[in-house]
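Topology and contacts: notes
Okay, here's what each chain looks like letter by letter:
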Amino acid sequence: MLKKIKQTADFLKSRITVEPEVAIILGSGLGGLGNKISDTVKIKYQDIPNFPVSTVEGHSGQLVFGKLAGKNVVAMQGRFHFYEGYGMKEVTFPVRVMHFLGVKNLIVSNAAGGLNPKFNQGDLMIITDHINFFPEHPLRGKNFDELGTRFPDMSKVYNAEYIKIAERIANNGRISVRKGVYIGSSGPTLETPSEYKMFRIFGADATGMSTVPEVIVAHHQGMKIFGMSVITNESEPENPNEETTHEEVQDVAGSVEPKMTKIIEGLIAEM
Ligand code: HPA
């Protein structure tokens, strides 16, 4: 696996002139930030050796290298989801590669269902912590000590300083943001009313089908992490007739995306 990761990193290095220090993973309907990057080199996933290919609607599937807010960045427009059939090693492969490209900071975004009754559709939530509810663990198997330790401490995964900066930027820009715990589970089904209730009892504020695997691997490698969810639907166990569609998730994410982009751009400038 390590050989494949390095091979892919070497391929990408041969295509770019400057190495990125910040990586951004853009979630469902949130790809717009990629268009704000200047001096871009875009490389489609299908043209990258050893990369899985994204299949889901709304995920265009390319790496965008370039400049954003004065920093060298790489954005993933489209990510790999466990529900698509990939194993966790494949889902997290790009984050492994980013480590060998010199990336020190990871920004993750996603569309999520709101569990906290105070949350509304279209809210932004800064992720303060997560619950890993996936059935497979990305670090299971042989540990590569040059990547990270066997038993990573998970007490401080989401960078406290970045959270403060993001809150300040949001306040200054009169953008209201929530903070909360994200629970990641396999999908592709959305939750039953009873499952939403269970996740709320667990202590989660939002639920989705991504982010946790990439964050675990990034943390394993010592990256500093910032995460943000767009609440695309309110998951009310008391109101199970409100159905959620993938189109709705993408539409809401797309309409909130400019606000999220503003916060992320501001944060990158201060990194
Ligand atoms: N559940 C799981 N994933 C999601 C949801 C949800 O309600 N909304 C957007 N992604």
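Below is a summary of the structure that appears in this document. These numbers come from a predicted model, not from an experiment.

Here the focus is the overall build of the chain. Along the backbone of the chain there are seven helices and nine strands. At 17 Å, the chain has a C-alpha radius of gyration in line with the 18 Å of a compact globule built from 271 residues. C-alpha extents for the chain along the principal axes are approximately 55 × 40 × 35 Å. Counting the 271 residues in the chain, one finds 54% classified as buried. Taking contacts inside the chain between residues at least 6 apart in sequence as the whole, the part at least 24 apart equals 84%. Summed over its atoms, the accessible surface of the chain is roughly 12,000 Å², and 48% of this surface lies on carbon and sulfur atoms. When the 29 positive and 31 negative side-chain charges of the chain are each reduced to one mean point, those points stand 8 Å apart.

So, on to the side chain of serine 210. Of note, serine 210 is situated in the loop between strand S8 (206–208) and helix H6 (212–220). Of the residues examined, serine 210 reaches a relative accessible area of 7% and is grouped as buried.

Moving on, we get to the packing of aromatic side chains. Per the stated rule, a full pass over the model turns up nine aromatic pairs. An aromatic cluster is built from Tyr45, Phe51, Phe80, Tyr86 and Phe93, whose rings are joined through pairwise contacts.

What follows deals with the nonpolar core. In this structure, Ile24 and Leu63 are the most contacted members of the largest nonpolar core, which totals 80 residues. The dominant element in this core, judged by the number of residues it contributes, is helix H7 (residues 246–270), at eight residues. Not counting residues up to four positions away in its chain, the partners in contact with isoleucine 24 are Leu33, Leu68, Val73, Val74, Ala75, Met76, Ile107 and Ile268. Counting residues in hydrophobic clusters, the runner-up holds five residues, among them Leu115, Ile183, Phe199 and Ala204.

A word on empty space enclosed by the protein. If a probe as big as a water molecule is rolled over the atoms, it shows which places are left empty. Scanning the entire structure with this criterion turns up one cavity of 30 Å³ or more. By volume, the largest cavity is sized at about 100 Å³. Surrounding the largest cavity, 14 residues form its lining, Met1, Lys89, Arg96, Pro138 and Lys142 being those nearest its centre.

A word on the site of the ligand. In the neighbourhood of the ligand, 13 residues make up the surrounding shell, with Gly113, Glu191, Tyr196, Gly208 and Asn233 lying closest. At a separation of 3.4 Å, a nitrogen atom of the ligand approaches a polar backbone atom of alanine 111. Tyrosine 196 places a polar side-chain atom, nitrogen or oxygen, 2.8 Å from an oxygen atom of the ligand. Contact with the protein chains removes 95% of the 260 Å² of surface that the ligand exposes when unbound. Put simply, the ligand lies in the largest pocket.

Further remarks concern the layout of surface pockets. Looking at the largest pocket, its volume works out to about 370 Å³. Every residue lining the largest pocket is counted, 24 residues in all, and those nearest its centre are Ser28, Ala111, Met209, His246 and Val249. Among the secondary structure elements, those contributing two or more residues to the lining of the largest pocket are strand S5 (105–114), S8, strand S9 (224–234) and H7. Ranked by residues supplied to the lining of the largest pocket, first place goes to S5 with four residues. Residue composition of the lining of the largest pocket, grouped by class: 10 nonpolar, 12 polar and two charged.

Okay, helix H3 (residues 93–100) next. When you tally the buried positions in H3, you get seven out of eight residues, the bulk of the element. The complete set of buried residues in H3 reads Phe93, Pro94, Val95, Arg96, Val97, Met98 and Phe100. Elements that come into contact with the buried residues of H3 comprise helix H1 (2–15), strand S1 (22–26), strand S4 (71–77), helix H2 (88–91) and H6. Backbone geometry just downstream of H3 places glycine 102 in the positive-phi region, at approximately 95°.

Procedures and definitions
Residues numbered from 1 in each chain as written. Predicted model: local features only at pLDDT ≥ 70, side-chain atom pairs only at ≥ 80, totals over all residues. Heavy atoms only, no water. Helix = DSSP H or I, 4+ residues; strand = E, 2+ residues; numbered from the N terminus. Rg over C-alpha atoms; globule rule 2.2 N^0.38 Å. Buried < 20%, exposed > 50% of the residue type's maximum accessible area, 1.4 Å probe, protein only. Contact = heavy atoms within 4.5 Å. Areas by Shrake-Rupley, 256 points an atom, 1.4 Å probe, with all protein chains shown as cover. Lys, Arg positive; Asp, Glu negative; His and termini not counted. Charge placed at Lys NZ, Arg CZ, Asp CG, Glu CD. Phe/Tyr/Trp six-rings, centres within 6.5 Å; stacked < 30°, edge-to-face > 60°. Core = buried A, V, L, I, M, F, W, Y, C linked by side-chain atoms within 4.5 Å. 1 Å grid on protein atoms, 1.4 Å probe; cavity = no way out; pocket = protein on both sides within 12 Å on 5 of 7 lines; lining within 4 Å. Points joined across faces, edges and corners; volume = space filled by probe spheres on them. Near = heavy atom within 4 Å. Polar contact = N/O pair within 3.5 Å; in protein donor to acceptor, adjacent residues only side chain to side chain. Sits in = over half its atoms within 2 Å of the grid points. Nonpolar A, V, L, I, M, F, W, Y, C, P; charged D, E, K, R; others polar.

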